[in-house]
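Coordinate analysis (summary)
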Amino acid sequence: MIETYNHLVIKGGFKSAPKNLKILNIVFDQIINSTGDMVIKPPLEYENEEQKTMTICLLTKTGYATLFVNNKEIPSGFILQFFTAKSVDGFNIMKQLNDWFGLVNGIECKMVKK
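Here we summarise the structure given alongside this text.

Rules and cut-offs
- Residues numbered from 1 in each chain as written.
- Predicted model: local features only at pLDDT ≥ 70, side-chain atom pairs only at ≥ 80, totals over all residues.
- Heavy atoms only, no water.
- Helix = DSSP H or I, 4+ residues; strand = E, 2+ residues; numbered from the N terminus.
- Expected span 1.5 Å × (residues − 1).
- Buried < 20%, exposed > 50% of the residue type's maximum accessible area, 1.4 Å probe, protein only.
- Arc of directions from axis to C-beta.
- Contact = heavy atoms within 4.5 Å.
- Salt bridge = Lys/Arg side-chain N within 4 Å of Asp/Glu carboxyl O.

The next subject is helix 2 (residues 90-101). For the α-helix, the turn length of 3.6 residues means that residues three or four positions removed from each other point alike. Between its first and last C-alpha, helix 2 extends 16 Å over 12 residues, near the 16 Å set by a 1.5 Å rise per residue. Listed in full, the buried residues belonging to helix 2 are Gly90, Ile93, Met94, Gln96, Leu97 and Phe101. Angular distribution of buried residues about the axis of helix 2 spans 160°; they occupy a single face of the element. The exposed residues of helix 2 that point more than 90 degrees off its buried face are Phe91 and Asp99. Of the surrounding secondary structure, the elements contacted by the buried residues of helix 2 are strand 1 (6-14), helix 1 (21-34), strand 5 (76-84) and strand 6 (108-113). One or two residues past the end of helix 2 sits Gly102, with phi positive at roughly 75°.

This is the structure:
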């Protein structure tokens with residue numbers, strides 16, 4: 001039997017930008033764990049100080065997740081993608097992001113089952 005996979009995409013802006021990869025990694029790890037999935041360490045990380053961007057890619061037990069943040073402007077833009085066999089609650093993830101960084105109006109959240 002082929003499993004159904006969930007592809008969650010959240011796109012928007014942070015009121016208070018993440019200051020570094022360490023903080024972003026802690027938040028992202030907590031988000032993944034809250035879904036019941038498990039992060040496989042170490043994460044793939046990239047920070048471009050000149051462009052003021054940060055990217056994290058996490059391999060999970062059932063899929064993968066990526067988070068891209070552009071801190072060039074305030075609000076800083078972000079795109080979070082999560083591809084997993086676990087059930088994912090986009091609103092719970094947005095609440096966690098809001099608790100950490102504050103979300104601006106106009107957040108896009110889309111879930112596709114594959």
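From this point, the narrative continues.
Taken as a whole and assessed by the stated rule, the structure comprises one salt bridge. Close ionic contact of Asp99 with Lys95 constitutes a salt bridge, the shortest N to O distance being 2.9 Å. In this pair, Asp99 and Lys95 are both assigned in helix 2, four residues apart and thus about one turn of the helix distant.

Treat this as a map of the structure, not an account of what it does.
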